[in-house]
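Fold and contact review
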Amino acid sequence: MLKSEELIKKVKSYNKFLNPETLNKAYEFALKAHKTQKRDEGIPYIIHPVAVANILTDLKLDSATITTGLLHDTIEDTYATYNTIKEEFGQEVADLVDGVTKISEFENQAVQNSKAENFRKLILATSKDIRVLLVKIADRLHNMRTIKFVKDKNKQIRKAKETMEIYAPLADRMGMNRIRDELEDLSFQILNNDARELIKKRLDEIKENRTSSFKNISYEFSNLLNQNELNAQIIGREKTPFSIWRKVQKKRVSLEQISDIIGFRIILDNIEDCYKALGIFHSKWNCIPGKFKDYISSPKINKYQSLHTSIFGPNKRPIEIQIRTMPMHEFAERGVASHWKYKSSEKFNSLTWKEYDWLKDLVEIIDRNENPEHYFEYTKLQMFQENVFCFTPKGSLIKLPKDATPIDFAYSVHTDLGNSCIACRVDGELTPLSEQLESGQKIEIVSTEGAQPNPNWLNFVVTAKARSAIRHFLKNQQHDESVDLGKRLLDRALANYGTKYNQLRKSQIKRLLKETSAPTFEYVLQQIGLGNRVPFAVANLLVPPSKRNIPEGKRNSSLPVVIDASDGLLLQYARCCHPIPGDPILGHVTPGKGLVIHLESCRNLKEVRFHPEKCMPLTWSRVVHGEFPVELKVEITPERGFIAALASRMTEEDATIETINVTEKDAFTSIVDVVITVRDRIHLAEILRRARSLTSVRRIYRVRNK
Ligand code: MN
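Okay, so let's go over this structure. (Residues numbered from 1 in each chain as written. Predicted model: local features only at pLDDT ≥ 70, side-chain atom pairs only at ≥ 80, totals over all residues. Heavy atoms only, no water.)

Quick look at helix α2 (residues 20-33)
- For α2, with 14 residues, the first-to-last C-alpha span of 20 Å sits near the 20 Å given by 1.5 Å per residue.
- Among all positions of α2, only Leu 23, Ala 26, Tyr 27, Phe 29, Ala 30 and Ala 33 are buried. For α2, the arc enclosing every buried residue in end-on projection is 165°, short of the 170-degree limit, so these residues lie on one face. Exposed positions of α2 whose direction lies more than 90 degrees from the buried face are Glu 21 and Lys 32. (Helix = DSSP H or I, 4+ residues; strand = E, 2+ residues; numbered from the N terminus. Expected span 1.5 Å × (residues − 1). Buried < 20%, exposed > 50% of the residue type's maximum accessible area, 1.4 Å probe, protein only. Arc of directions from axis to C-beta.)

This is how it looks when you write it as structure tokens:
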């Protein structure tokens, strides 16, 4: 294990602004924090953070990042907290460690069924600083280097897959090719070691046979460039087994074809020389068609630059050549990390930082996928930044727009889950369904069979899917209910002519449809239910005067239509008299409004009460669920705290107080006007009884008409 002094020496070699005390302190802090812990391989845990810091040092990163490398597992695994780190090492380091810890927590939540793409985005959405990603990638690299010591085979495979799908692509997008290659190869070793061994064996054979030829070609290239007064450094390029495997998979060429090719990198002093060298190669040897790529004038999306070409070189052997300058080479190896400059201070140049707003670029690159023509499409980037990512209880990651609620979440998992949703837990806590979600939360939807979407949800859902699913459900339900209510109302009207709904003959219905030009009988029933057609008018059309058999004295008196809970969407309760379940009621058919329910004694019905085509006798079904407002008037002797006493009596009985108003009548009497919601008449009676038992209450009664 690297000692503290060695680590400091290594950082100092590229960063003279380092404060050795801080780094030493972090080293000691980590040592102490992980003192009793062991890694899977049985070695002291501290080996891991030190190795991570070392990797970050290889990338020549600033000391805040190296410090974070040392401390990255302390918040998650030891007694240390965000605040301790902040006190000891300052906010910058504390935020970085916190960021790395968050990603690790997400990893633990996300099981196999998360989409890798979503997980990559989650990581980006939550890493506010690119250095968090760099530490995370170094962490993963060391964990993969030691993956063979993990005893649980399934865990090995899971980690290898995660690396292949999430961290290697991230390293790739950040231009860190060397780390990407290593991550991929280490995962490959776990996921398909047989294939890897096969390729490796073949590569070793080639290497043995070709060592001399490699030297010869290298020598020949070097001479050629020198003759042309170019100062070049020539490096042989070793391919990883995985990169060959991927090419074999992708291009359907044989292993022989690919692994036979020798690769060279040629480093030159400046861009001009790069193109000169290219010209020299192309004029001396034939280039292989379709292999030339100029990534200097048009860099790859991760900002990689080089000239790529393949030639039939000496002895007609195919040779791959990459030509680049030293800074390009540095970038190709270390990627985004190569942008840290230590010219005048520890702080990386904020201008450089802005110029390479890497996090922003990464977001763009990843969201864009394989779609180069949309590179500059800003709207997409915005869309992505305005997302939240939440987990299902099983660890799947669900992508939602910003401000999404648990209802949106439920519908994006499945429409049925949305429709039957009744409550939710966010990170284990019961949370209102209208709460806005945040990235990384675990959402558990509580659902019940037979539950229904609440029209109120439309006020806060943000996804189109939730919105349209709720509307669709309500519309269907309203349709079914209006047909059903229409049927009952028509049945009532028909009773006055001595017949019934289910005694109607086809010929009667046919005639009705002809006379009303309605498309279907169901449509007519729906229109009755919605109040757009008067049931008696329809009955008149169905039963011609000659066929009517009016029961003696029974006209419009019997067979009230039963009103039940599910009619809630169609029925309206009159605001003048506030009927509640249990009250004697009458329905008033109002065109365009449907059936409005009044108290039987409501004064507003005086005029229409005896017009059977306008009024319907109704009755409540035995159980009607809902909350119904009721207006009460209380005459009271003012005493200390009488309002509070009255209010608590009512709420103890489970009534909700909607409004309360007190007027002083004289010195001895106050009038309290209160609107409460109740379930039914029995409930109301109990509330009144309890209120009357208060000594200050002289009189309490229900207001039935305004
Ligand atoms: Mn770690």
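Notes on the state of the cysteines
- Taken as a whole and judged by the stated rule, the model has zero disulfides.
- The thiol sulfur of Cys 421 is not disulfide-bonded, and the nearest other cysteine sulfur, from Cys 424, lies at 6.7 Å. (Disulfide = S-S within 2.5 Å.)

A few points about the sheet that holds strand β19 (residues 670-678)
- Reading across from one edge, β18-β19-β17-β20 is the order of the four strands in this open sheet, with antiparallel pairing throughout. The sheet terminates laterally at β18 (656-664) and β20 (697-702), the two strands that pair on one side only. Taken over all neighbouring pairs, the strand axes of this sheet differ in orientation by 20° on average, direction set aside.
- Pairing of β18 with β19 involves eight bridges; the strand directions are antiparallel. (Pairing = 2+ DSSP bridges. Axes fitted to C-alpha atoms, helices over the stretch in contact; angles between N-to-C directions.)

What to know about the coordination of the manganese ion
- Coordination of the manganese ion by the protein involves His 48 (NE2), His 72 (NE2), Asp 73 (OD) and Asp 139 (OD), with metal-donor separations of 2.2 to 2.3 Å.
- The sequence pattern formed by the donor residues of the manganese ion is H-x23-H-D-x65-D. One end of the pair, Asp 73, is in the loop between α4 (63-71) and α5 (74-77); the other, Asp 139, is in helix α8 (residues 130-145), and 66 residues separate them in sequence.
- Classification of Asp 73 as buried rests on a relative accessible area of 5%. (Donors = N, O, S within 2.8 Å, 3.2 Å for Na, K, Ca; no water.)

Side note on the pairing of strand β2 (residues 262-268)
- The buried count for β2 comes to seven of seven residues, which makes it a mostly enclosed element.
- Residues of β2 alternate between two faces, with Ile 262, Phe 264, Ile 266 and Leu 268 on one and Gly 263, Arg 265 and Ile 267 on the opposite face, all of them buried.
- Relative to β2, strand β1 (residues 233-237) runs antiparallel, the two sharing five bridges. For Gly 236, the partnering residue across the bridge sits in β2 and is Phe 264.
- In the sheet, β2 pairs with strand β6 (residues 318-325) via seven bridges, with the strands oriented parallel. If you follow Ile 266 over to β6, its bridge partner there is Ile 323.

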